[in-house]
Amino acid sequence: FQENANRKELLEKNHRREGPIFESDESLITMQDPKNAGLKMKVEEISLKVCDAQVAGDIETFKSLISEDFTYTLNGELDISQTYDWDEYMKFTAYFGSLLKGEVGAELGEIIAGENTAIIFTNGKMEGIGGKYENEYAIKYTVNSEGKISNIREWLSDILLATQLYGQPIEGVHIDPEKRF
């Protein structure tokens, strides 16, 4: 039960943005349960730094944490859903930014870390041409053997993006209400 309490305390600190990860202290918090806890914490730390840099638009920090062969994949069925290399990703982010009004923000949710991947769940706090754009994201960060992010894979609601950023009306109603249930 102690290991669960330690994990819960760490996640609560992450949610409050406190502790070594957020205070630029390079010493890592280690948990005593799994053998690879230190490695998982490093993956979590790197992933959080990249996520923060993405949200803040801090390209210099972002670029310093990614590998030479970095790729970004946006899953889904949108016209922008594909895999990008670094240069294409920069063009994609500029385009995405042009669809937004005001500030870009995100609220950190849960983090699930493994030996070389971390999935960060966030809630976007933005606005687009169709109004509030508060999409929920699941973003998987893959860390290579050199401690750099080699791939980011992102999942979001295609429908919310289409309505709030592209201004496309979409009705979530069955075409034949008689067949709905």
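Okay, so let's go over this structure. (Residues numbered from 1 in each chain as written. Predicted model: local features only at pLDDT ≥ 70, side-chain atom pairs only at ≥ 80, totals over all residues. Heavy atoms only, no water.)

**Some points on the nonpolar core**
Link 1 in the chain: Counting residues in each nonpolar core, the largest one holds 37 residues, and the members touching the most others are F62, F70, Y133, I149 and I152.
Link 2 in the chain: For this core, the secondary structure elements donating two or more residues are α2 (37–56), β1 (66–74), α4 (86–98), β4 (106–113), β5 (117–124), β8 (136–143) and β9 (149–155).
Link 3 in the chain: If you tally residues by element for this core, the top one is α2, at six residues.
Link 4 in the chain: Look past the residues within four positions of Y133 in its chain and what remains in contact with it is F96, L100, G124, K125, M126, E127, G128, L156, L160, L161, Q164 and L165. (Core = buried A, V, L, I, M, F, W, Y, C linked by side-chain atoms within 4.5 Å. Buried < 20%, exposed > 50% of the residue type's maximum accessible area, 1.4 Å probe, protein only. Helix = DSSP H or I, 4+ residues; strand = E, 2+ residues; numbered from the N terminus. Contact = heavy atoms within 4.5 Å.)

**Here we look at the sheet that holds strand β7 (residues 131–133)**
Link 1 in the chain: Pairing is antiparallel across the open sheet formed by three strands, whose spatial order is β3-β6-β7. Taken across any chain shown, the strands that pair with only one partner, and hence form the sheet edges, are β3 (100–101) and β7.
Link 2 in the chain: Strand direction decides the pairing type here: strand β6 (residues 126–128) and β7, joined by three bridges, are antiparallel. The residue bridging M126 from the neighbouring strand is Y133, located in β7. (Pairing = 2+ DSSP bridges.)

**Some details on the sheet that holds β8**
Link 1 in the chain: If you walk across this open sheet you meet the six strands as β2-β1-β9-β8-β5-β4, and the pairing is mixed. Looking at the sheet topology across the chains shown, the edges are occupied by β2 (83–85) and β4. Strand-to-strand, the axes of this sheet are offset by a mean angle of 20°, without reference to chain direction.
Link 2 in the chain: Of the pairings in the sheet, the one linking β5 to β8 comprises seven bridges and is antiparallel in character. Residue pairing for β8: F121 is matched across the bridge by A138.
Link 3 in the chain: Helix-sheet contacts for α4 involve β1, β2 and β8, and the interaxial angle to β2 is about 115°. (Axes fitted to C-alpha atoms, helices over the stretch in contact; angles between N-to-C directions.)

**Some words on the environment of N151**
Link 1 in the chain: With respect to the helices and strands, the residue N151 is situated in strand β9.
Link 2 in the chain: When its relative accessible area of 16% is taken as the criterion, N151 is described as buried.
Link 3 in the chain: Between the alpha carbons of N151 and D85 there is a distance of 9.4 Å; along the sequence they are 66 residues apart.
Link 4 in the chain: Among residues more than four places away in sequence, those in contact with N151 are F70, T71, Y72, T73, K140, Y141 and T142.
Link 5 in the chain: Of note is the side chain of N151, whose polar atom sits 2.7 Å from the side chain of T71. (Polar contact = N/O pair within 3.5 Å; in protein donor to acceptor, adjacent residues only side chain to side chain.)

**A look at the pattern of salt bridges**
Link 1 in the chain: Going through the model one piece at a time under the given rule, you end up with three salt bridges.
Link 2 in the chain: One salt bridge in this structure joins E45 and K42, with 3.7 Å as the shortest N-O distance. Taken together, the positions of E45 and K42, both in helix α2 and three residues apart, correspond to about one turn of that helix.
Link 3 in the chain: Owing to a relative accessible area of 34%, K42 belongs among the partly exposed residues under this scheme.
Link 4 in the chain: Looking at E45, the relative accessible area reads 2%, which means it is buried.
Link 5 in the chain: When salt bridges with common partners are traced through the structure, they connect K42, E45 and K49 into a single cluster. (Salt bridge = Lys/Arg side-chain N within 4 Å of Asp/Glu carboxyl O.)

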